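Chain by chain, the residues:
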Amino acid sequence: MSTQSNKPKARLPRGLVDRHGAELTATRAMLDKIRAVYELYGFDALETPAIEYTDALGKFLPDQDRPNEGVFSFQDDDEQWLSLRYDLTAPLARHVAEHFDALPKPFRSYRAGFVFRNEKPGPGRFRQFMQFDADTVGAPSVSADAEICMMAADTLEAVGIARGDYVIKVNNRKVLDGVLEAIGLGGDENAGRRLTVLRAIDKLDKLGVLGVTQLLGEGRLDDSGDFTKGARLDAPQILTIRKTMLRGTPKPMNEDPVTISETSWLDQLERDFADNETASAGVRELRQIAQLCRAAGYGEDRILIDPSVVRGLEYYTGPVYEAELTFEVKDEHGRPVRFGSVAGGGRYDGLVARFRGEAVPATGFSIGVSRLLHALAHLGKMDAEPEIGPVVVLVMDKQPERIADYMKMVSDLRANGIRAEMYLGGGGMKAQMKYADKRNAPAVIIQGSNEKDAGEVQVKDLVEGAKIAAGIADNAEYRAARPAQFAVKEAELVEAIRGVLERRAAPSLGLAD
RNA sequence: GCAGGUGUAGCUCAGUUGGUUAGAGCGCCGGUCUGUGGAACCGGAGGUCGGUGGUUCGAGCCCACCCACCUGUACCA
């Protein structure tokens, strides 16, 4: 029988993608812009590996039932569990804890890299994706948090998002915790319900006030008919949450919430929860952050105190921030596209302490590189121009001495900084032309025996040629026309190609053509 | 994980009440053409019809289970 059944299938696991061409170029350009801002702010580069000991990453210790829940894990040959990192913060905490004595404090660093999550992929969600983080470790004051927010705003503008098309929303976990305490959800016995409440609030921009209210109460039936159990709060509790956390949201999807100013909201919160120490401390911190940002010239259009921001539920201990894009984009069906948050972060005072016992305050944030790039593409800010391919020297004659001639041409072009290659495949001339077309070559060089005898080469400008060809309807005529093709002396080859490339680089000055 | 939907060529899809050797367009490769991308004409490759089992003389079509993908939802450090 055939070997067909044991041939491997050429395929990629779900949630993973190959990237190439314009997308890679655009990614590189964007990373450069982000890096420039981070360095301007005084952060230094740090690289950590993609693999860590599982216990260093945190809570996801593999168990027998589900060794890979959420994280990709495997055992080393000494039986120790290793995992692919699922964010860049936990590895940073490990690095700081490991080299604590040698590092300057505060320690300010940035890093970009792929992270891995073993979960269900969706549109714009992958199992491998890139993050670009910056963190300040060892700085307890809210100045560090305010600085991160300002840098986040600067970064988004640097990559091409206009002021007004984004907002950095800031909240404080102490406020959230304090309010929950005040409505009787404090203490260990209510940990589960607190989590449910926070998750519900986090869904505000997705489900709207109505949906969140349902999740705070009995629960919610989604479009597919599936029921999500709610937090089962009573009416007064729900009212309190709606009055505080759901209020003042900058983009109400529903008419319900009354948008009030940042300061009014802070005043109200301070008044209503004056006797709750946790909430009051949170409000004080938020006021300071707002004050610092305003003093530096960042208005509410850029950095906004917003009570509905929750962020991750695991390790944030103080201020939390989230960068949201506010412009509207329609998809091909005319429906609005949501980008959601493209970056986020917060204060995590307990993360390094896991390794050291003593508290090490830290704050930082993380940009979702692929998501941000996706958003930029919708904004038309991504250079989607295909790369200009190499000049292709066609092989008209396969005699070894002629091959040497062709390679010499390529070599001369390269020596002059022109991207070039000789056709290395086995095809005939037509195949070679198709190849050049597919590679987006600006020009091909043709030298058969006739040209060789005359000491000449044919240069064909493929871009011009395509333009001219568009006006030729008849096939025979098209072939005879040899559009945008001309002969030059062998010695003038480099100069001729340079001319073609220049014409290509400045098409808007095409009056002379 | 839960709910719903969809699986026929690389892509988009046809395929009669179950009936010989499963089709089209586009794409791909080659030829017409010792000389030219697109177009034209001619030819070619490419399918265990998602998988397994069942019903039947006979299954792409009917039944059961499984798998994959899509959408929503849950989780998301």
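This text goes with the structure placed above it.
In what follows, the accompanying structure is described. Just so it is clear, the structure is predicted and the values come from calculations on it, not from any experiment.

**Things to note about the overall build of chain A**
- Per the secondary structure count, chain A includes 18 helices and 20 strands.
- For chain A, the residues scored as buried account for 44% of the 513 residues in total.
- When contacts within chain A are restricted to residue pairs at least 6 apart in sequence, those whose partners lie at least 24 apart make up 69%.

**Description of the sheet that holds strand β16 (residues 391–393)**
- Spatial ordering of the open sheet is given by β17-β16-β18-β19-β20, a layout of 5 strands whose pairing is mixed. Two strands lie at the open edges of the sheet, namely β17 (420–422) and β20 (485–489), each paired on one side alone. Recorded for the sheet is a direction-independent mean angle of 25° between the axes of neighbouring strands.
- Judged from the 5 bridges that link them, strand β19 (residues 456–461) and β20 form a sheet pairing that is antiparallel. Bridge pairing links K460 to Q485 in β20.
- Helix α13 (residues 400–415) contacts β16, β17, β18 (443–446) and β19 of the sheet and is inclined by roughly 170° relative to β17.
- Those strands touched by helix α14 (residues 429–438) are β16, β17, β18 and β19, and its axis lies near 155° from that of β18.

**Focus: the pairing of strand β14 (residues 341–347)**
- The buried count for β14 comes to 7 of 7 residues, which makes it a mostly enclosed element.
- Where strand β11 (residues 319–325) meets β14, 5 bridges bridge the pair, whose relative direction is antiparallel. Among the inter-strand pairings, E322 is bridged to a residue of β14, identified as G344.
- Pairing analysis gives 5 bridges linking β14 to strand β15 (residues 362–368), with the strands arranged antiparallel. Bridge assignment links G345 to a residue of β15, and that residue is F365.

**Remarks on helix α6 (residues 191–202)**
- An ideal rise of 1.5 Å per residue puts 16 Å on 12 residues; α6 measures up with 16 Å between its terminal C-alpha atoms.
- Along α6, the residues that are buried comprise V197, L198, A200 and I201. End-on, the buried residues of α6 take up no more than an arc of 160°, which puts them together on one face.
- Close packing links the buried residues of α6 with α5 (173–185), α7 (204–216) and α8 (235–244).

**Focus: the pairing of β15**
- Summarising burial for β15: 7 of the 7 residues are buried, a large majority.
- Side chains A362, G364, S366 and G368 of β15 all project onto a buried face; the interleaved residues T363, F365 and I367 project onto the opposite face, where all are buried too.

**Focus: the packing of aromatic side chains**
- All told, the structure shown has 7 aromatic pairs when counted by the stated rule.
- Between the aromatic rings of Y110 and F132, the centroid separation amounts to 5.9 Å while the plane-to-plane angle is 40°, which identifies the pairing as tilted. You can see Y110 sitting in strand β5 (residues 107–116) and its partner F132 sitting in strand β6 (residues 128–137), a full 22 residues away along the chain. In terms of burial, Y110 and F132 fall into one category: buried.
- Aromatic side chains Y423 and Y435 sit 5.4 Å apart centroid to centroid with 70° between the ring planes, which places their arrangement in the edge-to-face category. Taken together, the residues span a long stretch of sequence, with Y423 in the loop between β17 and α14 and Y435 in helix α14 at a distance of 12 residues.
- A residue is classified by how much of its surface remains accessible, and Y423, at 11% relative accessible area, is buried.
- Looking at Y435, the relative accessible area reads 27%, which means it is partly exposed.

**Some points on the nonpolar core**
- Ranked by internal contacts, the top residues of the largest apolar core, which has 75 residues, are Y38, I168, V197, I241 and F365.
- In this view, V197 contacts L180, L185, L216, A231, L233 and I241; residues no more than four positions away in its chain are not counted.
- Counting 28 residues, the second largest nonpolar core, distinct from the first, contains V393, I418, A443 and L493.

**Some details on the packing of α6 against α7**
- Close contact between α6 and α7 brings their axes to 7 Å; oriented N to C, the two are set at 145°. Mapping the contact onto sequence places V197, A200, I201 and D202 in α6 and L204, D205, V212, L215 and L216 in α7.
- Residue composition of the contact of α6 with α7, grouped by class: 7 nonpolar, no polar and 2 charged.

**Focus: the environment of A353**
- Considering the arrangement of structural elements, one finds A353 in helix α11 (residues 353–356).
- Once residues lying within four places of it in the same chain are set aside, the contact partners of A353 are E358 and A359.

**A look at the state of the cysteines**
- Inspection of the entire model under this criterion finds 0 disulfides.
- The cysteine C149 is free of any disulfide, with C293 supplying the nearest cysteine sulfur at 5.5 Å.
- Judged by its relative accessible area of 0%, C149 is buried.

**Describing a negative patch on the surface**
- The grouping of D76, D77, D78 and E79 at the surface amounts to a negative patch.
- Assignment of secondary structure puts E79 in the loop between β3 (73–75) and β4 (81–84).
- Among the residues examined, E79 registers a relative accessible area of 57% and is labelled exposed.

**Section: the sheet that holds strand β10 (residues 303–305)**
- Spatially, β1-β5-β6-β15-β14-β11-β7-β10 is the arrangement adopted by the 8 strands of the open sheet, whose pairing is mixed. Each of the sheet's edge strands pairs with one partner strand only, and the pair in question is β1 (44–45) and β10.
- Seen against the sheet, α5 touches β7 (166–172) and β11 and runs at an angle of roughly 50° to β7.
- On top of the sheet, helix α9 (residues 262–272) reaches β7 and β10; it is set at about 30° to β10, its chief contact.

Calculation rules
Residues numbered from 1 in each chain as written. Chains lettered and ligands numbered in written order. Predicted model: local features only at pLDDT ≥ 70, side-chain atom pairs only at ≥ 80, totals over all residues. Heavy atoms only, no water. Helix = DSSP H or I, 4+ residues; strand = E, 2+ residues; numbered from the N terminus. Buried < 20%, exposed > 50% of the residue type's maximum accessible area, 1.4 Å probe, protein only. Contact = heavy atoms within 4.5 Å. Pairing = 2+ DSSP bridges. Axes fitted to C-alpha atoms, helices over the stretch in contact; angles between N-to-C directions. Expected span 1.5 Å × (residues − 1). Arc of directions from axis to C-beta. Phe/Tyr/Trp six-rings, centres within 6.5 Å; stacked < 30°, edge-to-face > 60°. Core = buried A, V, L, I, M, F, W, Y, C linked by side-chain atoms within 4.5 Å. Nonpolar A, V, L, I, M, F, W, Y, C, P; charged D, E, K, R; others polar. Disulfide = S-S within 2.5 Å. Patch = residues over 30% accessible without salt bridge, like charges linked within 9 Å, V, L, I, M, F, W, Y side chains within 5 Å. Areas by Shrake-Rupley, 256 points an atom, 1.4 Å probe, with all protein chains shown as cover. Salt bridge = Lys/Arg side-chain N within 4 Å of Asp/Glu carboxyl O. Lys, Arg positive; Asp, Glu negative; His and termini not counted. Charge placed at Lys NZ, Arg CZ, Asp CG, Glu CD.

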